[in-house]
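Listed below, chain by chain, are the residues.
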Amino acid sequence: IAVYTPFGSKLQYADGWEGRTSLTDIELTSIYVQPTVSYAITDQLSVGAGLMVLAYGAVNLQRDIPFPDSFGSIELDGRAETKVGFNAGIFFKPSDKLSVGINYRSKIDAVVKDGDVSYEGVPAAFQSRFGATKFGATLPLVATTSVGIGIMPNEKLTIGLDANYAEWSAYRTLDFTFDQPINGQTVSSSKRFYEDALTFRVGGQYKLTEGLTVRGGGIYDMTPVRDGYVTPETPDSDRIGGTLGATYAFGKFSVDLSSQFVFLQKRTQTQQQLLDNGTTDRIAGTYKTTIVIPGIGLNYAF
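Each value, and the rule that gives it
Residues numbered from 1 in each chain as written. Predicted model: local features only at pLDDT ≥ 70, side-chain atom pairs only at ≥ 80, totals over all residues. Heavy atoms only, no water. Core = buried A, V, L, I, M, F, W, Y, C linked by side-chain atoms within 4.5 Å. Buried < 20%, exposed > 50% of the residue type's maximum accessible area, 1.4 Å probe, protein only. Helix = DSSP H or I, 4+ residues; strand = E, 2+ residues; numbered from the N terminus. Contact = heavy atoms within 4.5 Å. Pairing = 2+ DSSP bridges. Salt bridge = Lys/Arg side-chain N within 4 Å of Asp/Glu carboxyl O.

A. Fine view of the nonpolar core. Judged by nonpolar contacts, the single largest core of 39 residues is most densely connected at L76, F135, F176 and F178. Contributions of two or more residues to this core are made by β3 (25-34), β5 (45-66), β6 (71-79), β9 (108-120), β10 (134-141) and β13 (173-182). Among the elements that make up this core, the one with the highest residue count is β5 (5 residues). If we ignore the near neighbours within four places in the chain, the residues touching F178 are L76, V117, A132, K134, F135, Q185, T186, V187 and S188.

B. Here's a closer look at the pairing of strand β16 (residues 212-221). Looking at chain direction, strand β15 (residues 197-207) and β16 are connected through 9 bridges and run antiparallel. Each residue of the ladder has a partner; that of T199, found in β16, is D221. As consecutive antiparallel partners, β15 and β16 are separated by 4 residues.

C. Structural context of the side chain of S22. With respect to the secondary-structure elements, S22 resides in the loop between β2 (8-12) and β3. Not counting the four nearest positions on each side in its chain, S22 is found in contact with R63, P232, D281, R282 and I283.

D. Up close: the pattern of salt bridges. All chains considered together, the criterion is met by 12 salt bridges. Across the pair R20 and D64 runs a salt bridge whose closest N-O atoms are separated by 2.7 Å. You can see R20 sitting in the loop between β2 and β3 and its partner D64 sitting in strand β5, a full 44 residues away along the chain. With a relative accessible area of 12%, D64 lands in the buried category. Note that K113 and E81 form a salt bridge whose closest N and O atoms lie 3.7 Å from each other. Of this pair, K113 sits in strand β9 while E81 sits in the loop between β6 and β7 (83-95), and the two are 32 residues apart along the sequence. On the basis of relative accessible area, E81 is assigned to the partly exposed category, the value being 29%. Overlapping salt bridges bring together E81, K83 and K113 as one network.

Structure (structure tokens):
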């Protein structure tokens, strides 16, 4: 039984930033519980299958609202219904030096039916335009297929290669429906038109001494976001990343050190692209992101 978060994000922009009327804060959370059963058909071949349960899903979006002499704000906050999907996989190990695995995880639609809408700073003269108190939305948590290869040339060295295919094309639009009009509209629709995308990973570990093992790896992650469809909540681009790590064991104790570096390539979106695509609900600009993730782990074997 596994518990993990396959999708999620959190972004908070500085107060007064240029795109404040598109987004100021966003938090998307999904927690899966995955019971899976596997069976070894032979010493070399195993199969597995199970369920994926969206046990907890939540969305919180905030943005500013422009008025003639001031700015107010709107917040959407909702919980997703529990949904169930499935996973299946095959593992094949033809020799002690080679293994191959294939895994599939199905799409689950995260559905919010009774989210809360709240406002701040709306002048009295405009409050009649903001009557909605509830919203509904559906966000696809897309299907993924992964293929992994493990190579063990000798007892000290292990190499892993992985390719992941995410079916992001299921994400066409982001639609919110409201129980009452907001500025005369009961539906807000934002184009996404994502494309399916591939991610490639390679990594290795080498046992230098009886107590010290070192690791390193690289990642190339293709963005599903097309030109002219970049949004402040997903300012995505092709990603290049690297990882370094080491484990030192002494007796029953061991210490893990790790670091990950991810660079989202600079991406510029022009106003003309937004006009051509009919996506002027977002802003033109240049996005660039750098991520550094250090880690430490303490282990005890018994």
